[in-house]
Amino acid sequence: MLLHVLFEHAVGYALLALKEVEEISLLLPQVGGSGVLNLGKFHNIVRLVAFCPFASSQVALENANAVSEGVVHEDLRLLLETHLPSKKKKVLLGVGDPKIGAAIQEELGYNCQTGGVIAEILRGVRLHFHNLVKGLTDLSACKAQLGLGHSYSRAKVKFNVNRVDNMIIQSISLLDQLDKDINTFSMRVREWYGYHFPELVKIINDNATYCRLAQFIGNRRELNEEKLEKLEELTMDGAKAKAILDASRSSMGMDISAIDLINIESFSSRVVSLSEYRQSLHTYLRSKMSQVAPSLSALIGEAVGARLIAHAGSLTNLAKYPASTVQILGAEKALFRALKTRGNTPKYGLIFHSTFIGRAAAKNKGRISRYLANKCSIASRIDCFSEVPTSVFGEKLREQVEERLSFYETGEIPRKNLDVMKEAMVQAEEAAAEMARKLEKQEKKRLKKEKKRLAALALASSENSSTPEEYEETQSERPKKKKKQKPQETPQENGMEDPSVSISKPKKKRSFSKEELVSSDVEETAGNVSLPKRKKSFPKEEPVSDAEEAVNRSVPKKKRKFSSKEEPLSSGPEEAAGNKSGSSKKKKKLQKLSQED
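Residues numbered from 1 in each chain as written. Predicted model: local features only at pLDDT ≥ 70, side-chain atom pairs only at ≥ 80, totals over all residues. Heavy atoms only, no water.

Per an unreviewed UniProt entry, the recorded name for the protein is Nucleolar protein 56, and the organism is Canis lupus familiaris. Under the heading Sequence similarities (unreviewed entry), UniProt records this for the protein: "Belongs to the NOP5/NOP56 family." Listed in UniProt under the heading Subcellular location (unreviewed entry), the comment for the protein reads: "Nucleus, Nucleolus". (UniProt positions renumbered as here; feature names shortened; annotations may be inferred.)

Here it is as C-alpha cells:
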C-alpha cells in the first residue's frame, strides 16, 4: 500500500510520497531522532510529488478556514484527485488533523491515517519544507505564515458571533468593579469627613447621598436655615434635613482647615460622579440585555442574566449547558470541595441573587433553585436560537416560577407547561406581527424621506446644470448674429460714404483682366445718357469721368460674390494706400483707351 502525506502550509498544499509502510515502521528510531533533523536522510524517506500554491492571500485564507472547519476545499480536492493513484483502496493518505482526514475519507474515499509515524513525518516536512519546494526560501515562508496568521485572526475577530455578548460581559464586569470601588471610596469619605461632622454618619445611610451632603455642607458651622431647603432636596426627607441642621449646631466634631475641606469636597465630587456613571452603565446594560437576551432578563433580571452569560463566556455556551450546570454555575469551588470531602454539594450558584430563592423557605430553596435553573436554560435557548427576540416567553416562564413558589407555600396546583407554552406562542406570534408592521411603517417612512431627498437633489442639480447651458447657448448665439450682420452692413455704409475705400484687397483686383474692364466700361458708357445727373448725386466731390463711374459700378457687383467669411473692408492704412494707387493706375489706362476711341 502506497503511503502519501498531505501537508498544509501558508503558501499552498504539498503532497509527499513515502517509502513502504513496513520500511517506515522499521525506521521509527531514525525518524524520531536524526532522520527528521538531517536533511539528507530525510530526503531518502520523503519525496515531493506535487505542490499546489495559493493564488492569493484571500484564497489562502479561504483554504485555512476550510481546513479548520473540517471541509474539503475545491483546491484540495483537485490536488488529491489529480496526483493520487486512481485505485483508491491501495492508497493510504496521512494527514495531521483527524477532522479533515474524516472529511477526505467521506467525500473522496481515500483511507486516511493520523498520529504515530505520520506526526513525525509532518514534523520533518515542516522543518525542511523550504528545501523541498524549489524557489521557496525560509524568509518568504515565514512571511507567508505571518500574513496568513494575521488575516485568519482578523477574520475570526471580525465575524465573531459573540461580539454582542462581549459588550454585556465587559459591562457587567465593570459594574461589579464599580460597586466595589464606590463602596470603598464612600467609606473613605465617611471616615475622612467624620472627623469634622461625625453625627452625619448615623443620620444618612446611603453612600451616594452622604457624599453629596459632604460636598454641599462643607464647614458645618456655616450651615443655617437658608440651606434647609437644599438639604431637603438632597435627602428627600424633611425630618432628616432638620436633624442634620440640629446636629450641626451641637456637633462634637473637631474644626477643620479650609484646605482640608477643599480636598474632602473634591474627593466627594469624584465619588458622586462615579455613582452617576454607575447608574448610566446600568441603563446601558439593561438596554443591551433587552436586545440580546430579553427572555432571560425578564425571567431573572438583567444583572443576574448578564452574570450568567459572562460566566459561561457567551449566550451560545449558556444555551448549551444543561439545567444542572446552570444551577451551580458560579459555585464551582464549593462543588469540587464537596466532591473532595464527600460532603453536600451546593444547591445554587449565581442564581441565588435572584429574588425567587430569597423568598422561598429554607426547606424549599433547593427545589426552587432547581426549577429556576430549568427555566433559565429554556429561556437562554429561546434567546439564542429565535429569529425575532421577544420577552413573551420570559414573562410566561416567570409566571410559572411564581406559581411553583406559591405551590410550595400554599399547595395551589400550577398550570401545565404545555398550556403556558401555547399561550406564549400565540402572544409571540402577535408580538412578531406587530413588530413586522412597525418595521414596515418605518421602512415606508424611510423610503418616502429618501425619495423626497433624491427629488430635491435632482431638482437642484437640474437647476444648476440648466443655467450654465442656457448661458452658453446665449453666448454662442450672439457672436453668430454679429458675424452675419457685419458683411451685410459694411458694404452699404462704405458704398454710400466713400466708394474708393470700399474696394477689395489687391489680391482680388489682380484677377480682373484688361479686356473685361474695357468691355464693361464701353457697355456702361453706351447705356448711360444723362451723365450730369450722376454728378449731382455727389456735389461735394470732384467731377467724375465716365471711366471712373464704370469702375465704381463694376466693383460692387464683384463684391456681392464674396463669402461671409471673407472681409471686403480694408482695415489698415497700408491696404488703403494700395487701393488708391491701384485705382489711379486704372484711371489712367481707361483715359487712354477713351481717347483712342
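Undergrad: Summarise the nonpolar core; cite the residues concerned and give the values.
TA: Nonpolar side chains in soluble globular proteins tend to be buried together. The biggest cluster of nonpolar side chains holds 44 residues, and the ones touching the most others in it are Leu296, Leu299, Ile300, Ile309, Leu318 and Leu372. A total of seven residues in this core trace back to one element, the largest contributor, which is helix α23 (residues 365–385). Residues within four places of Leu372 in sequence aside, it is in contact with Leu299, Ile300, Ile351, Ser354, Phe356, Ile357 and Val401. In this structure, Tyr13, Ala50, Leu61 and Leu93 belong to the second largest nonpolar core, which totals 25 residues. (Core = buried A, V, L, I, M, F, W, Y, C linked by side-chain atoms within 4.5 Å. Buried < 20%, exposed > 50% of the residue type's maximum accessible area, 1.4 Å probe, protein only. Helix = DSSP H or I, 4+ residues; strand = E, 2+ residues; numbered from the N terminus. Contact = heavy atoms within 4.5 Å.)

Undergrad: Kindly report on the pairing of strand β2 (residues 12–18), identifying the contributing residues and their values.
TA: Counted residue by residue, β2 has seven buried out of seven residues, so it is predominantly covered. Here five bridges tie strand β1 (residues 2–8) to β2, and the two strands are oriented antiparallel to one another. Along β2, the bridge assignment pairs Leu6 with Leu15. Between β1 and β2, which follow one another and run antiparallel, lie three residues. Where β2 meets strand β3 (residues 46–53), seven bridges bridge the pair, whose relative direction is antiparallel. In the sheet register, Ala14 faces β3, and the bridge partner there is Phe51. (Pairing = 2+ DSSP bridges.)

Undergrad: Before we move on, can you summarise the packing of aromatic side chains with the specific residues and values?
TA: By the definition in use, this model includes eight aromatic pairs. With centroids separated by 5.1 Å and ring planes inclined at 50°, the aromatic side chains of Phe7 and Phe129 adopt a geometry described as tilted. Linking Phe7 in strand β1 with Phe129 in helix α9 (residues 129–132), this pair joins segments that are 122 residues apart in sequence. Across this residue pair, the class does not change: Phe7 and Phe129 are buried. Each member of the aromatic cluster is reached from another via a ring pair, and the members are Phe7, Phe51 and Phe129. Between Arg190 and the ring centre of Tyr210, over which it is positioned, the NZ or CZ distance is 4.8 Å. Note that Lys227 overlies the ring of Phe216, its terminal NZ or CZ placed 5.9 Å from the centroid. (Phe/Tyr/Trp six-rings, centres within 6.5 Å; stacked < 30°, edge-to-face > 60°. Lys NZ or Arg CZ within 6 Å of the ring centre and 35° of its normal.)

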